[in-house]
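Read off the chains here:
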Amino acid sequence: MQAEISAYYAKGNKLKVSLLMNNRLISQKNITVNSANYQTKVNFFVKAQSPGKKLLTVKVQPIAGERNKSNNSQTTVIDVINSKEKILILSAFPHPDIAAIRRILNNIPTYKIKFSYLNKFHGKLTDYNLIILYQLPTEKNPAENILSQISATNKSVLIICGGKTDYNRLSAMPLGFKFSPVSGSFDQAQPLLNDNFEIFVPDKNFKTLQDNLPPLLCVYANFQNINSKNILLYQKVNNIPTGKPLILLFDYSPLNNNKLGIIFGEGIWRWPMAEYKNTHSSSQTEKLFTQIIQYLTANNNKKRFIVKVNPVIDQNQDIIFTAELYDKSFNPVTQPLVKLKIRDSSGKTFNYIMEARSGYYILDIGKFSSGIYTYVAQTQLGEQTFVEKGNFAVRPINMEAVSLQANKKLMEKLALKSGGKFFTVSQYSQLLKYLKNNDKLKSIFTTRMIINDLINQKLIFFIILISLSLEWMLRKFFGNL
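Residues numbered from 1 in each chain as written. Predicted model: local features only at pLDDT ≥ 70, side-chain atom pairs only at ≥ 80, totals over all residues. Heavy atoms only, no water.

1. Regarding the overall build of the chain
Part 1: Helices and strands together make up the secondary structure of the chain, namely 9 helices and 24 strands.
Part 2: What you see for the chain is a C-alpha radius of gyration of 37 Å, clearly larger than the 23 Å of a compact globule of 481 residues, by over 25%.
Part 3: Its C-alpha atoms give the chain principal-axis dimensions of about 135 × 75 × 50 Å.
Part 4: Per-residue burial for the chain yields a buried fraction of 38% across its 481 residues.
Part 5: In the chain, the proportion of contacts linking residues at least 24 apart, taken out of those at least 6 apart, comes to 67%. (Helix = DSSP H or I, 4+ residues; strand = E, 2+ residues; numbered from the N terminus. Rg over C-alpha atoms; globule rule 2.2 N^0.38 Å. Buried < 20%, exposed > 50% of the residue type's maximum accessible area, 1.4 Å probe, protein only. Contact = heavy atoms within 4.5 Å.)

See the structure below:
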């Protein structure tokens, strides 16, 4: 956290600069003003101990005689995200491909990698975002227990095939496509980038590199029911495109009810080495593999109730919520009521009902004061209740109080740009002369006469009517005595 501090005409004073997180003091530093026009930068290093939105405030303690104290503090909001993706690599034996994959992924700080031999793994698959099965199942190790757990936990899976993979068992799994392996038959296949791949955009530089990459050991098989948009790389054998997939990626597979990736090739470890030999860098092969992992680890849970709001909102902006509700066939519905409850840091709650539109819900709750708020949205479709929770932060805006000192150059520029003039206090007489001689500035006097009938003045009319009636009654009464 870096704060820029300015002090004018305060030479010799010592300033105490404090950093508060959610109104709690976490760090403090002292600085000495050593010039009449003093500017410096103060750095705070704060450990992010928990995820979520944090309100950070920097305060400078006022000095004696300071008139403008409103610019002695500034507040901002940060969002600490726990984005560590846990990846599990399982194999029945060691292989240089595994070492290459671990080296690539260990260079990415948001990934936490664990490798285990299948017979020594005793953890929970639910603790991981992605499971990489290297040449599993094999004939000696069918990995039935792990595969059944994968199906039950709905985790993303990357299967890397090789010479020891049991392809008959693999082809019998519910992968979402069909392939028929020829037992004991393999090809040496180079990669060929698919121009029609739609899931993400591979780097174009990989296309110039692919012809120089060593071939992978790929099973000879016939493939069916594969959409070309799911093929990242094709197999190219003896410089002839075969139309067979080398790397496949799916948004959904019945194997795990989630994302699935399959690499039909052994020997990936040679790709970064070959690239480095030709270009003194292995960035392209590493980037391609990183893109595959990023896609597989990205959240793909199809939620039927989705609530959205900007996570950080300026104090002068309206806060707008939107929501989407889907039936079991993922068709949008807007019949049920969507209730929204918002709570501030002091515990005060605000209750709303979202407005149904065509295919979605919307609610504009207006402007809120600065702070961190939590919300709970709830609705019911049939017998199922949906609840979405979250938070947002309102960031204070007080730009006018930052500097109360007149900016002569800025005002002069604004005046000239808008067709006006700029005068200082010493030019007061010139200002008067300019105003008197300016043809655009003329005094205008206008009059307006309005005539209203008395009958239109109801109050006055009834007062006069009552007075006349009272007078008549009094005269009548006393006149008869």
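2. Regarding unusual backbone geometry
Part 1: The omega torsion across Leu136 and Pro137 is 5°, close enough to zero to call that bond cis.
Part 2: Inspection of the secondary structure puts Pro137 in the loop between strand E9 (130-134) and helix H2 (144-153).
Part 3: Of note in this structure, Asn23 is not a glycine but carries a positive phi near 65°.
Part 4: Assignment of secondary structure puts Asn23 in the loop between strand E2 (14-21) and strand E3 (24-32).
Part 5: In this structure Asn23 comes out as exposed when scored by relative accessible area, which is 63%.

3. Notes on the packing of aromatic side chains
Part 1: Throughout the structure, instances matching the rule amount to 19 aromatic pairs.
Part 2: An angle of 55° between the planes, with centres 6.4 Å apart, marks the rings of Phe305 and Phe386 as tilted. In this pair, Phe305 sits in strand E16 (residues 305-308) while Phe386 sits in strand E24 (residues 384-395), placing the two residues 81 residues apart along the sequence.
Part 3: For Phe305, a relative accessible area of 3% puts it in the buried group. (Phe/Tyr/Trp six-rings, centres within 6.5 Å; stacked < 30°, edge-to-face > 60°.)

4. Quick word on a nonpolar patch on the surface
Part 1: The grouping of Leu459, Ile460, Ile463, Ile464 and Leu468 at the surface amounts to a nonpolar patch, some 480 Å² of accessible area in total.
Part 2: You can see Ile463 is positioned in helix H9 (residues 458-479).
Part 3: By relative accessible area, Ile463 is classed as partly exposed at 47%. (Patch = residues over 30% accessible without salt bridge, like charges linked within 9 Å, V, L, I, M, F, W, Y side chains within 5 Å. Areas by Shrake-Rupley, 256 points an atom, 1.4 Å probe, with all protein chains shown as cover. Salt bridge = Lys/Arg side-chain N within 4 Å of Asp/Glu carboxyl O.)

5. Overview of the pairing of strand E22 (residues 361-364)
Part 1: A one-sided burial pattern is seen for E22, the buried positions being Tyr361 and Leu363 and the unburied ones Ile362 and Asp364.
Part 2: Pairing of strand E18 (residues 320-325) with E22, which is carried by 4 bridges, proceeds in the antiparallel orientation. Bridging from a neighbouring strand, Thr322 pairs with Ile362 of E22.
Part 3: When strand E21 (residues 355-356) meets E22, the two strands line up antiparallel, connected through 2 bridges. (Pairing = 2+ DSSP bridges.)

6. Description of the sheet that holds E9
Part 1: Taken in spatial order, the 9 strands of this open sheet run E8-E7-E9-E10-E15-E14-E13-E11-E12, and their pairing is mixed. At either margin of the open sheet sits one strand with a lone partner, and together these are strand E8 (111-117) and strand E12 (216-224). Adjacent strand axes in the sheet meet at a mean angle of 30° when their direction is disregarded.
Part 2: As paired strands, strand E7 (residues 85-91) and E9 are joined by 5 bridges and run parallel to one another. Opposite Leu90, over in E9, you have Leu133 as the bridge partner.
Part 3: Across the sheet, helix H6 (residues 283-297) lies against E7, E8, E9, strand E10 (156-160), strand E13 (231-237), strand E14 (240-253) and strand E15 (258-263), angled at about 30° from E14, the strand it touches most. (Axes fitted to C-alpha atoms, helices over the stretch in contact; angles between N-to-C directions.)

7. Here we look at the sheet that holds E16
Part 1: In space, the 4 strands of this open sheet follow the order E16-E18-E22-E21, with antiparallel pairing throughout. Of all strands in the sheet, those with a lone pairing partner are E16 and E21, marking the two edges.
Part 2: Bridge count between E16 and E18: 4 bridges; the pairing is antiparallel. Of the residues in E18, the one forming a bridge with Ile306 is Glu324.

8. Focus on the environment of Arg102
Part 1: With respect to the secondary-structure elements, Arg102 resides in helix H1 (residues 96-106).
Part 2: Sequence separation between Arg102 and Leu474 is 372 residues, and the spatial gap between their C-alpha atoms is 111 Å.

9. Digging into the packing of H1 against H6
Part 1: Their axes nearest at 10 Å, the elements H1 and H6 cross at an angle of 80°. As judged from the angle between their axes, H1 and H6 are roughly perpendicular. Across the interface between the two elements, Ile101, Arg103, Ile104 and Leu105 from H1 touch Glu286, Phe289, Thr290 and Ile293 from H6.
Part 2: Counted by class, the contact of H1 with H6 contains 5 nonpolar, 1 polar and 2 charged residues. (Parallel < 35°, antiparallel > 145°, perpendicular 65-115°, else oblique. Nonpolar A, V, L, I, M, F, W, Y, C, P; charged D, E, K, R; others polar.)

10. So, the layout of surface pockets
Part 1: Reported here for the second largest pocket is a volume of approximately 340 Å³.
Part 2: If you trace the second largest pocket, you find 18 residues lining it, with Glu139, Gly163, Lys164, Thr165 and Asp166 closest to the centre.
Part 3: Looking at the lining of the second largest pocket, the elements with two or more residues in it are helix H3 (167-171) and strand E11 (178-193).
Part 4: By residue number, the principal contributor to the lining of the second largest pocket is E11, which donates 5 residues.
Part 5: Among the residues making up the lining of the second largest pocket, the classes are represented as 7 nonpolar, 7 polar and 4 charged. (1 Å grid on protein atoms, 1.4 Å probe; cavity = no way out; pocket = protein on both sides within 12 Å on 5 of 7 lines; lining within 4 Å. Points joined across faces, edges and corners; volume = space filled by probe spheres on them.)

11. Overview of the pattern of salt bridges
Part 1: Counting across every chain of the model gives 11 salt bridges.
Part 2: Glu144 is the salt-bridge partner of Arg169, the closest N and O atoms lying 3.5 Å from each other. Linking Arg169 in helix H3 with Glu144 in helix H2, this pair joins segments that are 25 residues apart in sequence.
Part 3: Across the pair Lys408 and Glu412 runs a salt bridge, and its minimum N-O distance is 3.6 Å. One end of the pair is Lys408 and the other is Glu412, both in helix H7 (residues 408-417) and 4 residues apart, which spans about a single turn.
Part 4: Three or more residues are tied together by salt bridges with common partners; here these are Glu144, Asp166 and Arg169.

12. A look at the environment of Ala92
Part 1: Examined against the element boundaries, Ala92 turns out to sit in the loop between E7 and H1.
Part 2: Setting aside its immediate chain neighbours within four residues, Ala92 contacts Tyr117, Leu136 and Asn141.

13. Quick word on the pairing of strand E19 (residues 339-343)
Part 1: The side-chain alternation of E19 yields one buried face, formed by Leu340 and Ile342, and one unburied face, formed by Lys339, Lys341 and Arg343.
Part 2: Where E19 and strand E20 (residues 349-353) come together, 5 bridges link them in antiparallel fashion. Within E20, the position partnered with Ile342 by the bridge is Phe350.
Part 3: Where E19 folds back on E20, the antiparallel hairpin that results is connected by 5 residues, among which Gly347 adopts a positive phi of roughly 100°.
Part 4: The pairing of E19 with strand E23 (residues 371-381) spans 5 bridges and is classified as antiparallel. Paired with Ile342 across the bridge in E23 is Tyr375.

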